[in-house]
Amino acid sequence: MWLGDHFRRVVGHDLTQSILSRLPEEMDCRARGRRVMAKLRDLVSDLPASADHHHSSRFGLLQHSLEIALKMLEQFEKTLLPGAPPDVALFNTEADPLQTQYLCFLAGLGHDLGKLFDIELVAGERRWSPLTEAYAEFLRQVKREPVLEWNKKRVRGGHAQFSPWLMHHLLSPADMRFIGLERLPELTGALTGTHAGDQSTPLARLVSKLDQQSVEQAAPDWMLNRPDSKVNQFVNALRSLIADGRLSVNTLGAPVFVTGDKAAVVVPLSISVARDFLKREEKIKLPSNHRLYDLLAQAKVVEADENRQCVKKIRVPGKRGRVELHALIFATDTIIPERILPTLPNVVFELKPEEPKPPMDVESNERKPAAVGDPLS
């Protein structure tokens, strides 16, 4: 079948094989997992995971679901390593470990099924209902390309409460007997809690954490390829302002400095200029500075640490010696038009080394306040 061949070739082979290699042969777990993934493929087929966000291309929902299932199994494996006792708050040591592993697999696989209710698919007189049939079956029946529209009234994160409604497509009676009826509420809580404010269960919090990791790993593609993404709009505004000379480069008091393959954009000054430019010229509103920093770090277009902190301290020449500024560090070719590079003065900026973290107060268990204020506040 073309759909199955395309799935194996483009999306599924490596992910499914990695998942199956982690499911044991015992208690028919591997064969059961293979059947569940085949049912998921039929249910979601080549549908995207979002309209214009992460995994928005064909097979996006299938790929994202498999990614989270694999991450859940990897997380479970970490509890089995020598010297790494299980987290009893997450993995109940009194429960059957095979059941717990399979529960993690299913929670990852089904966490975004509720998104199918955000999609409207119509082919002629027929409208698809994910409650009653898999999308692959719908395609076989209509034998034509449906028209896809996203529900304009959908609520961000609201799909989570509907995910359990579609698990009947994946689970067989044998699956439910293996998990145990007494643990099915645990699976339901993991599915509905991924986008809840309190994320009330430890398993839901883990799914939510791994879901965010998958979104961030996909961020460079969708953020930079979408013309209307805030990252793309900001980067293009910087390029335009630099090309037109409205943001000067490598001069005294300039908001942009280039040294070799790195470009430093002084903040918050450059953001204010770009914000005014976009609002005036394009009627575009940038998010808050904090949010923009986070998006730029997600998209990996600026240098950032493991906590996505991307505002760095730099030293540049001033009238009375070196001056210290705060800046975002881009690759030079990201924001500097190539044609102006030969015209720039030869000015060198340097990154100031990160200051050591302040010591912990033993009594209060809190960090002592730093001498310098937070540049982001």
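Nothing here was measured: the structure is a model prediction, and the numbers come from that model.

Along the protein chain, the regular secondary structure elements total twelve helices and ten strands. Relative to its 377 residues, the protein chain shows a buried fraction of 47%. Pairs at least 24 residues apart make up 67% of the contacts formed inside the protein chain by residues separated by at least 6 positions. Counting only carbon and sulfur atoms, one obtains 51% of the accessible surface of the protein chain, whose full area is about 20000 Å².

This next bit is on the packing of aromatic side chains. Here the structure, examined in full by the defined rule, presents seven aromatic pairs. Plain terms: the ring middles of tyrosine 102 and phenylalanine 105 are 5.5 Å apart, the flat faces sit at 45° to each other, and that makes the pair tilted. Of this pair, tyrosine 102 and phenylalanine 105 both sit in helix α4 (residues 97-110), separated by three residues, roughly a single helical turn. Both residues of the pair, tyrosine 102 and phenylalanine 105, count as buried. Ring centres 5.6 Å apart and planes at 55° place the aromatic pair phenylalanine 117 and phenylalanine 162 in the tilted group. Note that phenylalanine 117 is positioned in the loop between α4 and β1 (119-123) and phenylalanine 162 in the loop between β3 (147-150) and α6 (173-179), a separation of 45 residues in sequence. Relative accessible area serves as the criterion here: at 25%, phenylalanine 117 is assigned to the partly exposed category. Put simply, the rings of Tyr102, Phe105 and Phe178 touch in pairs and so form one group of aromatic residues.

Counting residues in hydrophobic clusters, the biggest one holds 55 residues, and the most contacted among them are Ile19, Met72, Phe105, Leu106 and Leu187. With nine residues, the top contributor of residues to this core is helix α3 (residues 60-78). Residues Val231, Ala237, Leu278 and Leu286 belong to the second largest nonpolar core, which totals 35 residues.

With antiparallel pairing, the five strands of this open sheet are ordered in space as β4-β5-β7-β6-β8. With one partner strand each, in any of the chains shown, β4 (256-259) and β8 (350-351) form the two edges of the open sheet. By the bridge criterion, four bridges tie β4 to strand β5 (residues 262-266) in an arrangement that is antiparallel. For valine 256, the partnering residue across the bridge sits in β5 and is valine 265. Across the sheet, helix α9 (residues 230-243) touches β4, β5 and β7 (321-331), and the angle it forms with β7 is around 125°.

A few words on the packing of α9 against helix α11 (residues 289-299). At a closest axis distance of 9 Å, the pairing of α9 and α11 adopts a crossing angle of 95°. Considered as vectors, α9 and α11 are oriented roughly perpendicular to each other. Taken together, the residues of α11 that come into contact with α9 (itself represented by Lys230, Val231 and Phe234) are Leu292, Leu295, Leu296 and Ala299. Considered class by class, the residues forming the contact of α9 with α11 number six nonpolar, no polar and one charged.

Pairing is antiparallel across the open sheet formed by three strands, whose spatial order is β2-β1-β3. Across the chains shown, the open sheet's two edge strands, defined by having one partner strand only, are β2 (126-127) and β3. Sheet analysis places β1 next to β2, joined by two bridges and oriented antiparallel. Bridge pairing links valine 122 to arginine 127 in β2.

When two helices pack together, you describe them by how their axes are tilted relative to each other and by the distance separating the axes. It is the contact of helix α2 (residues 29-44) with α4, at a shortest axis distance of 12 Å, that shows an interaxial angle of 10°. By the angle between their axes, α2 is roughly parallel relative to α4. Judged by residue contacts, Cys29, Arg32, Gly33, Val36, Met37 and Leu40 of α2 engage Tyr102, Phe105, Leu106 and Leu109 from α4. For the contact of α2 with α4, the class distribution of residues is eight nonpolar, one polar and one charged.

How each quantity is defined
Residues numbered from 1 in each chain as written. Predicted model: local features only at pLDDT ≥ 70, side-chain atom pairs only at ≥ 80, totals over all residues. Heavy atoms only, no water. Helix = DSSP H or I, 4+ residues; strand = E, 2+ residues; numbered from the N terminus. Buried < 20%, exposed > 50% of the residue type's maximum accessible area, 1.4 Å probe, protein only. Contact = heavy atoms within 4.5 Å. Areas by Shrake-Rupley, 256 points an atom, 1.4 Å probe, with all protein chains shown as cover. Phe/Tyr/Trp six-rings, centres within 6.5 Å; stacked < 30°, edge-to-face > 60°. Core = buried A, V, L, I, M, F, W, Y, C linked by side-chain atoms within 4.5 Å. Pairing = 2+ DSSP bridges. Axes fitted to C-alpha atoms, helices over the stretch in contact; angles between N-to-C directions. Parallel < 35°, antiparallel > 145°, perpendicular 65-115°, else oblique. Nonpolar A, V, L, I, M, F, W, Y, C, P; charged D, E, K, R; others polar.

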